[in-house]
Structure formats: structure tokens, C-alpha cells
Amino acid sequence: MSKSAFSTSNLILLAITYLFYFGQFGVLMPYLGVFLDGRGFSSSEIGELFALITVARIAGPNLWAVLADKSGRALKVLQLGALLTFGTFCLVLFVDGFWALTLSLALMMMFWTAILPQIEGLTLNCVRGNASRYGRIRLWGSIGYILLTIFTGKMIDVFSSDAPIYVGALVLFSLFAVTLLLKEPTLEKSTDQHQSSIWHKINTPVFYAFLVSAALLQLSFGAYYGFFALYVLDLGYSGQTTGWLVALGVLAEVVIFLQAGKLITACGVKWILVISILLTALRWYLLAVSANYPAILVLSQVLHAFSFGMTHAASMHFIHHYFGNKFQSQGQAIYISVGFGVGGAIGAYGAGYFWQQGQGAELTFTLAAVAAVLSSLSLVFVSSKRM
């Protein structure tokens, strides 16, 4: 097989891997709250459960990243993580009650954190850090999110609030099966003698500012991830319509991924992040004060292109070039631990505390908007060249 044929086939498989990985997000992120609500959980319990399982994203990514970087076997770590994620997630089918479900989902999350840094690293190495090529592959994750969000919403209407668990188990098995077909790219050995330790990369004002911004941004997502589907259902929409609304946001994300490389080149990482996060603050505020208007719901979902699409593409671009091949797994792990782990856990707990069975929706989304503004401001004084 020629090198070009190998590269093309591997990139196609990576695109399918993204499809199933983010497709699982499309199953769980909008609908896990619906599943838990169907099991009789209160909004505070849902927030606490989200926070506890998110804590697994603090230590997990770093443990897996050290294993991947030290062993040089990122693909094997990916395959093991996918297998263990599927196995532990299936426990949810057999248990009930707050602590049993929390433990099952937390174990799943611990193994789940092994997957994305390895997929990102493999992809960025295959495309040699090219942001445009990365965006075209990564958009398949968004397509998977759209398809499975719509499908799961329909399954909830047809069957019950337990549908996301059965769909999720099937998706995770498919994800593991695809990882078995992937090949690891050959990397050029680094000649940079200054990369003997990752600490000199971490211990800088620019990286600290980046982490603070990431944590505050993910904190702001707590209300959306935990309660958006319930919020829309409470407004009188069906499960399928809720799925379409969530899918609309990810469709906008797909469009922006196609342009991500050009926008990052034109504006730079710093200003892409600052502008995108400010638009995220606007999104949360619109949901806080005008969610009863269908047009506002649609607009808020279109802004997901910036809330997630551009912030993710710019963050991955920054981490890949900032850490290089030697430390990129650990760099991504730190980003996931602090941003999605610490920030996500605080955001989930806070959203559950303030939501009050929907009575505190306006306050919760307003506080999310404030967190997003602070996230953006934390990057304003960072040097554009350093990013």
C-alpha cells in the first residue's frame, strides 16, 4: 500500500472515529438529564451527579496521557480506553439509584478521557498540524453529533427516557470496533533539545491564562449540558424538536469547521478565542431572557458555531503548536483536566444548585453569561504572538 493510500484510509477511519466519539456526546449531553429526570432525580441531584462524574475528567486525562507519551503507543491507549468505556457504560443498564448510577458513569468517564487526546494527537500528526485539513476531518464528529442527537430524540418520543442508554451502548461498541482498524502514523523525531521537560511549557503566563479561560468557558456550559433539553421540553417542545434544535447548533459548528483554518490564519488564535467566547456570553444571555421566542432559540443554537466550533479548533491549534509532538498528549490532557474537568464540574454543580426545577433558569443562564465574559477577558492581555 502506498504512503498516500495509507494516509487517505487512515484519515477516513479517523473521521469515522470522530463521528462515533462525538455522536456519543450527542446521545448523552442533551439527554442524560432527561434520562435522570425520568428516573425521578431532582435538578439538584442531576447537577450533583454531573459534577461528580465530571470530576473523573480531572485526573483521568493526565494518567492516560503520561502512559501514551511515555510508551509511545497512543493508539493502544485509545483502543483500551474505548473498550473499557463501553464495558463500564453497560453497567448503567443493570443498576439504579443515585450512587450506583454515579459510580457507573464516573468509571465510564475515567476511561472516556483516554480517547479524545489520542484521537486528536493521531489526527494532528497525520495532517502535520494543518488546521484546514484537521477541520475537515473533525467536522465528522459534528455530523455524528447531529445524526445521533436527532435519532435519540426520536427514540425518546417512541420509547422512553431510557432510550439514550441503549443508543449510547451501541455507539460505544461501534467506536471500539473502528479503533481496531486504525494505524499509527510515523512521526519525525524531535530535534528540540529544550523539550526535556514539559514544565517549562506549562509554567508560563500565556498557558495559565489559556487554562483559566478554558475553565471559565466550560463552567459556563454547565447549564446547557445539564438542562438545555429539559428547558426546551418544559417550553412545550417534543423530544424530536429538541433534537433538531441541538442538531442545528452542531450543523453551524460543521460549517465553521470548514472555515476554521482560514479564520485562525487571518485572525490568530487569541482573537478567535476572545471573539468566540464573547459570542458565547451573548448566547447564554439570550437563553436567559428570551428563550420563549423560537427565533431566539434558533439564534442561540447557531452561535454554537463559535461557542464550541471555533473555540475547540483554535484551542487544538494552540496546543499542537505550543507543545509539539513530544508533549501534545500531556498538553491536551492538562487542557481537558482543567477546562472540562475542573471547570465542567463546578459548572455542573452550580447549574444544578441554581436551576431549582426550572424556576432558576434565567439566573443560571445569566451567571453562565458572566462566566463566559470573564473567560474572554482572561485572554485580552495575553500576547497574540505567544499564542
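Up top is the structure.
What this report covers is the structure whose coordinates are included nearby. (Residues numbered from 1 in each chain as written. Predicted model: local features only at pLDDT ≥ 70, side-chain atom pairs only at ≥ 80, totals over all residues. Heavy atoms only, no water.)

## Brief notes about the overall build of the chain
Reasoning step 1: For the chain, the count of helices and strands is 15 helices and 0 strands.
Reasoning step 2: Rg of the C-alpha trace for the chain: 20 Å, near the compact-globule value of 21 Å for 387 residues, within the 12% margin.
Reasoning step 3: In terms of overall dimensions, the chain has C-alpha extents of about 60 × 45 × 35 Å along its principal axes.
Reasoning step 4: Taken over 387 residues, the chain has a buried fraction of 60%.
Reasoning step 5: Within the chain, residue pairs in contact and separated by at least 24 positions form 84% of the contacts whose partners lie at least 6 positions apart. (Helix = DSSP H or I, 4+ residues; strand = E, 2+ residues; numbered from the N terminus. Rg over C-alpha atoms; globule rule 2.2 N^0.38 Å. Buried < 20%, exposed > 50% of the residue type's maximum accessible area, 1.4 Å probe, protein only. Contact = heavy atoms within 4.5 Å.)

## So, the packing of aromatic side chains
In this description, a pair of aromatic rings is defined by centroid distance and the angle of the planes.
Reasoning step 1: Considering all chains together, one arrives at 30 aromatic pairs under this definition.
Reasoning step 2: With a centroid separation of 5.5 Å and an interplanar angle of 80°, the aromatic rings of Tyr231 and Trp355 are classed as edge-to-face. Of this pair, Tyr231 sits in helix H10 (residues 222–234) while Trp355 is found in helix H14 (residues 304–355), placing the two residues 124 residues apart along the sequence.
Reasoning step 3: Both rings, one in Trp355 and one in Phe365, keep their centres 5.9 Å apart while their planes meet at 80°; by these two values the pair is edge-to-face. Residue Trp355 is located in helix H14, and its partner Phe365 is located in helix H15 (residues 361–380); the two are separated by 10 residues in the primary sequence.
Reasoning step 4: Taking relative accessible area as the criterion, Phe365 reaches 0% and is therefore assigned buried.
Reasoning step 5: Here Arg138 stacks its cationic end above the ring of Phe22, 3.8 Å away from the centre of that ring.
Reasoning step 6: Above the face of the Tyr224 ring, Arg283 is positioned so that its terminal group lies 4.5 Å from the ring centre. (Phe/Tyr/Trp six-rings, centres within 6.5 Å; stacked < 30°, edge-to-face > 60°. Lys NZ or Arg CZ within 6 Å of the ring centre and 35° of its normal.)

## Overview of the packing of helix H11 (residues 239–267) against helix H12 (residues 269–290)
Two quantities define a packed helix pair, namely the angle between the helix axes and the distance between the axes.
Reasoning step 1: Where H11 contacts H12, the two axes come as close as 6 Å, and the packing angle between them is 110°. As summarised for this structure, H11 and H12 are arranged roughly perpendicular, according to the angle between their axes. Seen from H11, the contacting residues are Leu263, Ile264 and Cys267; seen from H12, they are Val269, Trp271 and Ile272.
Reasoning step 2: Looking at side-chain class alone, the contact of H11 with H12 contains 6 nonpolar, no polar and no charged residues. (Axes fitted to C-alpha atoms, helices over the stretch in contact; angles between N-to-C directions. Parallel < 35°, antiparallel > 145°, perpendicular 65-115°, else oblique. Nonpolar A, V, L, I, M, F, W, Y, C, P; charged D, E, K, R; others polar.)

## A word on the nonpolar core
Reasoning step 1: By size, the foremost hydrophobic cluster in this structure holds 129 residues, and its most contacted members are Tyr21, Leu36, Phe207 and Trp284.
Reasoning step 2: In this view, Phe207 contacts Lys201, Ile202, Phe318, Tyr322, Phe323 and Ile334; residues no more than four positions away in its chain are not counted.
Reasoning step 3: In terms of nonpolar packing, the next biggest core, distinct from the first, is built from 6 residues, Trp64, Ala74, Phe111 and Ala114 among them. (Core = buried A, V, L, I, M, F, W, Y, C linked by side-chain atoms within 4.5 Å.)

## A closer look at unusual backbone geometry
Reasoning step 1: Even without glycine at this site, Gln356 takes up a positive phi of about 55°.
Reasoning step 2: Checked against the element boundaries, Gln356 lands in the loop between H14 and H15.
Reasoning step 3: With a relative accessible area of 46%, Gln356 lands in the partly exposed category.

## What to know about the environment of Gly222
Reasoning step 1: Structurally, Gly222 can be placed in helix H10.
Reasoning step 2: A relative accessible area of 7% places Gly222 in the buried class.
Reasoning step 3: The spacing of Gly222 and Gly347 is 125 residues in sequence and 4.2 Å in space, taken between C-alpha atoms.
Reasoning step 4: Excluding anything up to four places from it in sequence, Gly222 contacts Gly347, Ala348 and Ala351.

## Section: the pattern of salt bridges
Reasoning step 1: Here the structure, examined in full by the defined rule, presents 3 salt bridges.
Reasoning step 2: A salt bridge links Asp162 to Arg39, with the shortest nitrogen-to-oxygen separation between them at 3.5 Å. Taken together, the positions of Asp162 in the loop between helix H6 (131–158) and helix H7 (163–179) and Arg39 in the loop between helix H1 (3–38) and helix H2 (43–71) put the pair 123 residues apart, joining distant regions of the chain.
Reasoning step 3: The shortest N-O distance in the salt bridge between Arg138 and Glu253 comes to 3.7 Å. Here Arg138 is found in helix H6, whereas its partner Glu253 is found in helix H11, with 115 residues between them in sequence. Of the two residues, Arg138 and Glu253, both sit in the buried class.
Reasoning step 4: Through salt bridges that share partners, Arg39, Asp96 and Asp162 make up one connected network. (Salt bridge = Lys/Arg side-chain N within 4 Å of Asp/Glu carboxyl O.)

## A word on the side chain of Thr364
Reasoning step 1: Take Thr364: it is sitting in helix H15.
Reasoning step 2: Excluding residues within four positions of it along the chain, Thr364 makes contact with Ala223, Ala351, Phe354 and Trp355.

## Some points on helix H5 (residues 115–126)
Reasoning step 1: The terminal C-alpha atoms of H5, which comprises 12 residues, lie 17 Å apart, in line with the 16 Å expected from a rise of 1.5 Å per residue.
Reasoning step 2: Phi for Arg128, located one or two positions after H5, is positive at around 55°. (Expected span 1.5 Å × (residues − 1).)

## A look at the side chain of Ser43
Reasoning step 1: Looking at the secondary structure, you find Ser43 in helix H2.
Reasoning step 2: For Ser43, a relative accessible area of 8% gives the class buried.
Reasoning step 3: Sequence-distant contacts of Ser43, that is, excluding residues within four places in its chain, are made with Phe227, Gly352, Trp355, Gln356 and Gln357.

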